[in-house]
Amino acid sequence: MSRRTSERVNSIRPSGIRRFFDLIAGRRDVISLGVGEPDFQVPWRIRDEMIYSLERGYTSYTSNKGLKELREAIAEYYRKFGVDTSSENVIVTTGVSEGIDIAMRSILNLGDTVLIPEPAYVSYKPLAFLAGGEVVAISTAPDFRLNYDKLIRYARKFCPKVIVINYPNNPTGITYSKKELEEIADIAVEFDMIVISDEIYAELTYSGRHISIASLNGMEDRTIVLNGFSKAFAMTGLRIGYAIAPDDIIDAMLKIHQYCMLCAPIVSQIGAIEALKNCEEELERMRAVYIRRRNFFVKRLRKMFEVIMPEGAFYAFPSIRNTGLSSEDFAERLLIEKRVAVVPGNAFGDCGEGYVRCSYALDIERLKEALDRIEDFVKSVQ
Ligand code: PLP
């Protein structure tokens, strides 16, 4: 550990997902269920718009907040999830990753408590910590739902300033019903909490309709919605997302964004306008493919493990306890012995121990081959 680098940075661990990326880098014989990335290409009409924009020489900065046309399109689009907002309350970010960072930095004072229901996406905890927050994790295992009684106990005990929710969830695939969201909202109002709601998988909701918690009574004024184009539109490498927040918070986020990022890439912003305005059909098509893959994948996984049916995103989170292996041993041995990459569940928090995350964003043939190999592996350890 370097003495020249900050104590805070020294005390965070590198992402457990990255470690597995590095293990398989350059290995062609590995089937990766490890990466949280769509296997689709960006829809052609989005790529066309971006190509034209380069041909027309759109290579400049934009305003810090992002192109007005895009912010208007985002405000309009979010009506679909029940939120009535204006382009003034939107910042275009370089992915949800930046959104999480500037959200945390704009609202946390040193020592403020941030509640994180786990298992959770890997960025929340370190970014809250780097912004000075004290993270308190709530285990949602084994059903992975955010239980009202538990949440209120934590709220009473820790008086948190912030709670981070993510639904559909990475890594569990769980999403929340309106009733569950109302319960979370009631507690947020009662304890005067700010909700950071990461809705990056909203379009990949397979049971019912996605509802933004910001659309519930009283929540618009205490919610920072984060969303982006990486998952729904397969635009991961284009680094584009957005935040929707109340006036005071959006102003604070903008102060940080203008110094650390200046603006999101203009070409990606132009692609994002096309995505929101004209890609409903492509979305439908990709969603239908994910549903087919989920059904196929989970049905076969269930012959080996206990798995909750994912309601969204593109992950399954089976319990591998029946193998007697720890999450890390399971993932490492599966990779070395059968060349299938999954992510150990403890990368998403302590309560993820005993589980692994499998991404099913792969074609059915590859999924089938991966499942055959996992089956061989399970037989060999039993
Ligand atoms: N939030 C969640 C829940 C994710 O799963 C991911 C990526 O896997 C991100 C945020 C990061 O998204 P982006 O590519 O927009 O930075």
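From a predicted model like this one, the values you see are computed outputs, not experimental measurements.

Undergrad: How should the overall build of the chain be read in this particular structure?
TA: Across its full length, the chain carries 13 helices and 12 strands. The C-alpha atoms of the chain give 20 Å as radius of gyration, which agrees with the globular expectation for 382 residues (21 Å, within 12%). Seen through its C-alpha atoms, the chain measures out along the principal axes to roughly 60 × 55 × 50 Å. Residues classed as buried in the chain amount to 57% of the 382 residues present.

Undergrad: Help me out: how do you make sense of the sheet that holds strand 5 (residues 162-166) in this one?
TA: Strands belonging to one sheet form pairs held by backbone hydrogen bonds; the direction of such a pair is parallel or antiparallel. Ordered by their spatial adjacency, seven strands build an open sheet running 2-8-7-6-5-3-4, and the pairing between neighbours is mixed. A single partner strand is all that each edge strand has here, and the edge strands are strand 2 (90-93) and strand 4 (134-139). Going from strand to strand, the sheet's axes swing by 20° on average, the running direction of each strand aside. One ladder, built from four bridges, connects strand 7 (residues 223-228) with strand 8 (residues 241-244); its direction is antiparallel. Among the inter-strand pairings, Asn227 is bridged to a residue of strand 8, identified as Tyr242. The strands that helix 9 (residues 247-260) touches are strand 2, strand 6 (194-198), strand 7 and strand 8; relative to strand 2, the one it contacts most, it runs at about 30°.

Undergrad: Could you clarify how one ought to interpret a nonpolar patch on the surface in this entry?
TA: A grouping of Trp44, Ile51 and Tyr52 is seen on the molecular surface, where their side chains present a nonpolar patch of about 340 Å² in accessible area. Positionally, Ile51 belongs in helix 3 (residues 44-55). The exposure class of Ile51 is partly exposed, given its relative accessible area of 39%.

Undergrad: Quick question: what am I supposed to make of the site of the ligand here?
TA: Lining the immediate environment of the ligand, one finds 13 residues, of which Val96, Ser97, Asp198, Ser230 and Lys231 sit closest. Here Asp198 contributes a side-chain N or O atom positioned 2.6 Å from a nitrogen atom of the ligand. The side chain of Ser230 places a nitrogen or oxygen atom 2.6 Å from an oxygen atom of the ligand. Isolated, the ligand exposes 400 Å² of accessible area, and the fraction of that covered by the protein chains is 93%. Among the elements that line the shell around the ligand, the one with the most residues is helix 5 (residues 95-107), at three residues.

Undergrad: Sorry if this is basic, but what is going on with the pairing of strand 7 here?
TA: Side-chain positions along a regular strand alternate between the two faces of the sheet. In terms of burial, strand 7 is a largely internal element, six of the six residues being buried. Going residue by residue along strand 7, you find Thr223, Val225 and Asn227 tucked away on one face and Ile224, Leu226 and Gly228 tucked away on the opposite face as well. The sheet contact formed by strand 6 and strand 7 spans four bridges and is parallel. Looking at the pairing, Ser197 lines up with Val225 of strand 7.

Undergrad: Would you explain the environment of Ile240 in this entry?
TA: Of note, Ile240 is situated in the loop between strand 7 and strand 8. We classify Ile240 as buried; its relative accessible area is 0%.

Undergrad: Honestly, the sheet that holds strand 11 (residues 343-344) in this entry has me stumped. Any pointers?
TA: Read from one edge to the other, the open sheet built from three strands follows the order 9-12-11, with strand pairing classed as antiparallel. For this open sheet the edge positions go to strand 9 (315-316) and strand 11, each flanked by a neighbour on one side alone. Looking at chain direction, strand 11 and strand 12 (residues 356-359) are connected through two bridges and run antiparallel. The residue of strand 12 that forms the bridge with Val343 is Arg357.

Undergrad: Can you help me understand the pattern of salt bridges in this one?
TA: A side chain of one charge can pair with a side chain of the opposite charge if their charged atoms are brought near each other. Scanning the entire structure with this criterion turns up 27 salt bridges. With a closest N to O distance of 3.9 Å, Arg71 and Glu88 form a salt bridge. One end of the pair, Arg71, is in helix 4 (residues 68-77); the other, Glu88, is in the loop between helix 4 and strand 2, and 17 residues separate them in sequence. A relative accessible area of 6% means that Arg71 is categorised as buried. Residue Arg79 pairs with Asp84 through a salt bridge whose shortest N-O separation is 2.7 Å. Judged by its relative accessible area of 41%, Arg79 is partly exposed. Judged by relative accessible area, which is 53%, Asp84 ranks as exposed. Residues participating in the shared-partner salt-bridge network are Lys65, Lys68, Arg71, Glu72 and Glu88.

Undergrad: Would you explain helix 7 (residues 148-158) in this entry?
TA: Side chains that are three or four residues apart share a direction in an α-helix, a result of its 3.6 residues per turn. Within helix 7, burial applies to Leu151, Ile152 and Ala155. On an axial view of helix 7, the arc spanned by its buried residues comes to 95°, and they lie on one face. Relative to its buried face, helix 7 has exposed residues pointing more than 90 degrees away, namely Asp149, Arg153 and Lys157. On its buried face, helix 7 sits against strand 3 (113-118), strand 4, strand 5 and helix 8 (178-190).

Rules and cut-offs
Residues numbered from 1 in each chain as written. Predicted model: local features only at pLDDT ≥ 70, side-chain atom pairs only at ≥ 80, totals over all residues. Heavy atoms only, no water. Helix = DSSP H or I, 4+ residues; strand = E, 2+ residues; numbered from the N terminus. Rg over C-alpha atoms; globule rule 2.2 N^0.38 Å. Buried < 20%, exposed > 50% of the residue type's maximum accessible area, 1.4 Å probe, protein only. Pairing = 2+ DSSP bridges. Axes fitted to C-alpha atoms, helices over the stretch in contact; angles between N-to-C directions. Contact = heavy atoms within 4.5 Å. Patch = residues over 30% accessible without salt bridge, like charges linked within 9 Å, V, L, I, M, F, W, Y side chains within 5 Å. Areas by Shrake-Rupley, 256 points an atom, 1.4 Å probe, with all protein chains shown as cover. Salt bridge = Lys/Arg side-chain N within 4 Å of Asp/Glu carboxyl O. Near = heavy atom within 4 Å. Polar contact = N/O pair within 3.5 Å; in protein donor to acceptor, adjacent residues only side chain to side chain. Arc of directions from axis to C-beta.

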